[in-house]
Every structure is written in C-alpha cells, then in structure tokens.
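# Survey of secondary and tertiary structure
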Amino acid sequence: MLDRARTFFHKPHLLKHHEEPEPFGLHFQYRPLDTQRRKIRLLHVAPGAPVDPLFCSLEHVSLLDKPPYTALSYRWGGPLKNIHIGDCIFKVTSNLEAALRQLRGRERAITLWVDAICINQDDKNGEDKQAAKEKSQQVAMMGEIYSTASKVFVWLGPASEDSYLAMMKIREAGRIALESHLSIIHEMDQKRWVPMLNEDPGMCAGLDQLLRGGAGGSGLSIGGKDSTFPLQPVKGLMARDWWSRMWVIQELAMAQEADFGCGNAVVPAYEFCAGLNLFGIYRAIIIWQAATKGVKYGSGPSEELTDLDLRPFRMIEGYQCPKKKPLYDLIKKTSTSTSILEGNLEATDLRDKIFALWGLASDAEEQEFQPDYEKSCTDVYTEAALAFIRAGHMDIFSMCQGMPQSPELLDLPSWVPDFSTRILTPIRADYMPHFCASRSFPGEPNLSVRADCNSRTTTLQMNGQIVDRVLTCSSHWSNLDNEYGSTRVYLQNIKAVVGTAPSAYRNSEELEEALWRTPITDIMPTDPSGKKWIRAPEDTKHAYLAIMGGFAWGQLGTLESQYHHRIATLKECVPFVTEAGYLGMGPANIEAGDWIAILQGVELPLALRRKENGRYRLLGESYVHGIMDGEAFEYPGICNIEMVELD
C-alpha cells in the first residue's frame, strides 16, 4: 500500500486535465498562483489504510473550470504532525491530520480544498510580500471556494466516549423535525424564539404534536441516553472547538451541500442542523416555562440548560441561508452580544475577525479597504472603522470599550473597536428603542482623520460638544444574594451619591424620575419573553419603589422582576453624577474627572478622558438622564460646538 501511494501522484490519469503538481524537493515550496484565472490549489490525498502515512499532492486549478472537490471546515490548533506532499514533509495540526485520515479512502483518492495547505500561510505576518499578497487574494475568494465546492465537510474532531450517541440522536431528531416541517429559526436571540413560534401556525402545529407525543410518539425529552436529547453527550458535542471558530460562519453558510463528521459518525448537514435546531426550540420552551411558571408542556432540566454555550445555534442559523448582508451588519452580529453565553468567535490571525466575513458581505467590492495581510491588525481595524464611520455607522462607538486585550493592538486608537474580543452592548441592543442625544445638532457634519507617523497615532476629528464632567461615581451592581436585595443595595447607593451633588433637575419629581429611569437606562421589555422593548413607561416607577422597600417582599411581581433583571444586565456599567448634577450610567472604566461629550450624528453621549496633549481617549458610551433626546441643543445660542479630537 505504501509503495502504491508513493507512486500514485506520478500517474498521468490524475493530472489529465490539470497542470503539473507542485514541485518536489527537500523543502516544500509553493509555486505562485495565476490569480487572473481565479486559480486555487487542490489537495489530492492518496488512498490508504487507517494506519498508513498520508501521501498527498497539490495542483493548480481554475475555479472557472468548476473542478470537483470537497472543502474542509475544521478547527485550527493542536500539536503538529507530518504528512507527505510529493517527496516533501509538510507539517499540519493533529486535528487536520485526523480529518485527512477520516476522509481518505482505502481504494480511491480524494480531492480536497484545505485552507492551511492550499493557501501559502507562510507570509511571516506580512514580511513575505508575495505570500501575503497571495493570501489576501485567496481569502477574498473563499466565499466562492466554499460555494462552488461539491460538498463541505465539517470536521468536529475525533470521537469521544459519547460523541457517536450524540451524533445519532441529533440525526434522529433532525429527521423528526423535518417530517414535522419545523424549519430552522433564523433568529440569534433565543429569548425571542417562543413568541416567534406562537406567531407561526405551521410551526406551532408540528411542534405541538411533537411536544404532546402525537402520532404514536412519546414526546420530546432531555436527559439520559434514551432521551430524545441525551443532555451530557449533546452538550459535549456543542462544546467542541469547531463552534468557536470565526471562519466556520462563512464555510457553513456558503455550502451547497455539507456533512458533519465526528470520528466515524457522519450526518448530512440538513439533518444535523434540523436536529440541533429542534433541541434549541425545546430548550427555549423549557426555560420560558420556568421563567413564566406556566408549564404547558412536560418538564426538563432547565437549570442545566441555561448555561449552555449558544454559539452552535448561531452557526446553524446561517446554514442554507446564504443571503448576503452588509459587512458592517455582519461584524456587529458576530462581535457584539448581550450575554457571556454567546461566547467569542476565535481566529488564529486577529485580522480574520473582519476578513473571515468577506465572502458573506453584499458590499465587499464597494468597501474602501480589501483583505490585505501586508497590513498590521491595527491598520486593518482602523481602516475598517473609518470606512464604517464615513458610511454613517455612528453606532460603531458603542463597540469601543476600553483598552485592547491583545498585545498586537496596544496602539489601536480608542475610537476603533477591538474586533478581536467579544463586545458587550449593555446600554442599548439593536432590538431596543433608539435615543437621539445629538438631535438638533447645529451645523454641517465635519469629520477628518490625521495620522501622526512619529507617535503612530491616528486622530479622529469630529464636531461635538463637551457637555459636562463626571463629579463622582457609585459602585456597579453585584449579585449579593441572587434576589432583590442586591438590587436594593445598588439603588440605595445611587441615591446616596446623588445626594452629595447639586441637582440638574428642577424639582423632586424630576429627580425621582432620574433615580428610577437611569439604572435601567430608560428601557424595559413589554413582556417576560423580551420580544419587544420600549422606553420605560410611567408604571415602571412602582417597581423601583417596591424594590426600594415601599411594598412587602411578597407583593413583588412580574414588573419588579423585569426591573431587577434589566439592572442585572447592566452590571458592567457604573452609575455617576456630573458636576452639573446629571445622573448617568457609564462604562466600567469611567472615573471622576472624565468628560461627557455629544458628537454629531451619534445617538448616545460618550465618556471621554482628556490626555496631556489636549485630545481625548474614548472610554465608551453612556446614558445621561436629561440629555438623551437632544435637550443639550434646544438653545443653540448657548451651545459650544468644537472640534473634538479622539486618539
């Protein structure tokens, strides 16, 4: 078998319609690709027994010729192992090596596209200009590479003790879901799934039969190995590293046909995604029942389900839904979250937090920048942020949340989001009502950028008004006892801080309104499901008074619970009082002496810190009760508009 594999790639039949393979030699070297004809490399893996070494060959083909191949989607990482490409040793990660062994046939060669092998990755962080240029061109083509593949094979990794059971159970559930006409729910926020289901008669009918055990069935269940969804095996499968990889969003979404593989278990993607989606639906129902205490269908381990990693549901949400969206929307969708359970999507190269979405972007060709691995991560993020700001996406400032965590980004301007980390959006999520602090802002927009080569800083200049300065801060919310007591202490601390400062509010009624609206940033859900959010209605005041002690604890109900939970979601924010006496909520790093500014076109006030050079560092967005709807510009004669400079 080994001798046959060694000579396999010298047989003329394999290269009948293609060019010669990559040259052989002691040290493997890539030949440049002809990008004019949209050339890519394909990897041919020789047949062999499971224990045989992997013998491969690379060749150049044009996508214009529509060559047949399987595109591999897998998780990078792990120790290195050797495979043979021609007469050369080529090092790949252990996870990739396991995938190649799984896919290799005993009698026939298989043709694959594998990013770590088919793209020259040795660009030395941009120092090898030719490799970096090729990598940039190939990355820009990856949407097309995955969409034109005969199949995409999703490799979840080698088998574990219970992974086969999890794969087969998900497949069975998928078949049940498809027979019941339950489609995949294209909504990332699972809290909104139950209301969406209630509005879809077709989905409700099929789901109702499943939940009640109709048509001779026994209903859905979560629990042991004989359940519809054996909880621990399924959770183990959902905790696999593949779900955390940034690139897989595009790879799965663009697939015409796909399989999921884990060890020897292989399940078609349409069944796998339908089964996992059904698990998500049942999970959402159980948690909703527990929250509303109105159990309608069965029961389940709701506490064990609440800490489930939600990233797998985000991934399958895009399967067979390859409708392209603007790049900015894709980046916001993958970078921001309201819950730590939504997790961070990882990329070995931090620049790929943007480039990995290129193939899904409807406006990729219209952008002011293109994938370019010759540029540093700071330059890539800065170019992207500036392009989005110029396009009018002023809400990008809500994604700026303090110092970057990666050493690669220590020189990142404060007005540029660190796209490499999970960005929380505590003040206002996209599905919540808008504010308009800069409404009635006088004058024409004025935006410019100045780069200082000596200090390696890029300064953003915008029209704005410095409206106030932070006088003192209270403590942020912390969970003391898992009940309303922690919220009561928090609200009492805010009231005490307000009492030490002059008031910007005209009377006690306005002050009290600031005290109950500010801790929730004046936003509340209309129902327990969280389907719709509005500016807080007047009766929300009763929840504040009840928690503060105006009513007996036994009388606390749904409104008080909603108020409490809204405050808990804002635990990263810090209450503050300004020198003028305004009460606000700011980012976690805000301090006394920081400034509050309103920039032209930006809907929320921003917290700034003045630097020694007179410019400012952006700390993050804030809520300041009394200036959220353009009140600062109601009297143009007293406005002090200036050019605010952000480093």
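Notes on the structure in this doc start here. All values reported here derive from a predicted model rather than from experimental measurement.

## Describing the pairing of strand β10 (residues 258–262)
- Burial of β10 is extensive: five of the five residues sit out of reach of the surface.
- Burial along β10 is two-sided: Ala258, Phe260 and Cys262 and Asp259 and Gly261, pointing in opposite directions, are all buried.
- Where strand β7 (residues 151–157) lies against β10, five bridges are found, and the strand directions are parallel. Bridge pairing in β10 links Val152 to Ala258.
- Relative to strand β11 (residues 265–268), β10 is paired through four bridges, and the arrangement is antiparallel. Its bridge partner lying in β11, Phe260 is registered against Val267.

## Side note on the side chain of Gln367
- Relative to the helices and strands, Gln367 resides in the loop between α15 (352–355) and α16 (377–390).
- The exposure class assigned to Gln367 is buried, which follows from its relative accessible area of 14%.
- If sequence neighbours within four positions are ignored, Gln367 has contacts with Leu327, Trp358, Ala387 and Phe388.

## Focus on the nonpolar core
- Ranked by internal contacts, the top residues of the largest apolar core, which has 143 residues, are Ile117, Phe260, Phe279 and Phe397.
- The biggest single contributor to this core is helix α11 (residues 269–292), with 11 residues.
- Residues in contact with Ile117, not counting those within four places in the same chain, are Tyr30, Leu43, Leu58, Ile83, Ile85, Phe90, Val92, Leu96 and Leu100.
- The next biggest cluster of nonpolar side chains, apart from the first, holds 36 residues, and it includes Tyr484, Ile494, Val498 and Tyr505.

## Digging into unusual backbone geometry
- At Lys66, a residue that is not glycine, the phi angle is positive and equals roughly 55 degrees.
- If you trace the backbone, Lys66 turns up in the loop between β2 (55–62) and β3 (70–73).
- For Lys66, a relative accessible area of 73% translates into the label exposed.
- Positive phi values are uncommon outside glycine, yet Thr521 reaches one of about 50 degrees.
- Take Thr521: it is sitting in the loop between α18 (508–517) and β16 (523–525).
- For Thr521, a relative accessible area of 0% translates into the label buried.

## Observations concerning the environment of Lys325
- Positionally, Lys325 belongs in the loop between α13 (311–316) and α14 (327–335).
- Judged by its relative accessible area of 33%, Lys325 falls in the partly exposed class.
- Spatially, the C-alpha atom of Lys325 lies 7.6 Å from that of Asp363, the residues being 38 residues apart in sequence.
- What Lys325 contacts, discounting residues up to four positions off in sequence, is Leu330, Lys333, Leu360, Ala361, Ser362 and Asp363.

## A few points about the pattern of salt bridges
- Summed over all chains, the structure comprises 32 salt bridges.
- With a shortest N-O distance of 2.7 Å, Arg75 and Glu346 are connected by a salt bridge. Here the residue Arg75 occupies a position in the loop between β3 and β4 (80–85), and Glu346 occupies one in the loop between β12 (336–337) and α15, the gap between them amounting to 271 residues.
- Judged by relative accessible area, Glu346 falls into the partly exposed class, the value being 35%.
- Across the pair Glu603 and Arg428 runs a salt bridge, and its minimum N-O distance is 3.4 Å.

The rules we used
Residues numbered from 1 in each chain as written. Predicted model: local features only at pLDDT ≥ 70, side-chain atom pairs only at ≥ 80, totals over all residues. Heavy atoms only, no water. Buried < 20%, exposed > 50% of the residue type's maximum accessible area, 1.4 Å probe, protein only. Helix = DSSP H or I, 4+ residues; strand = E, 2+ residues; numbered from the N terminus. Pairing = 2+ DSSP bridges. Contact = heavy atoms within 4.5 Å. Core = buried A, V, L, I, M, F, W, Y, C linked by side-chain atoms within 4.5 Å. Salt bridge = Lys/Arg side-chain N within 4 Å of Asp/Glu carboxyl O.

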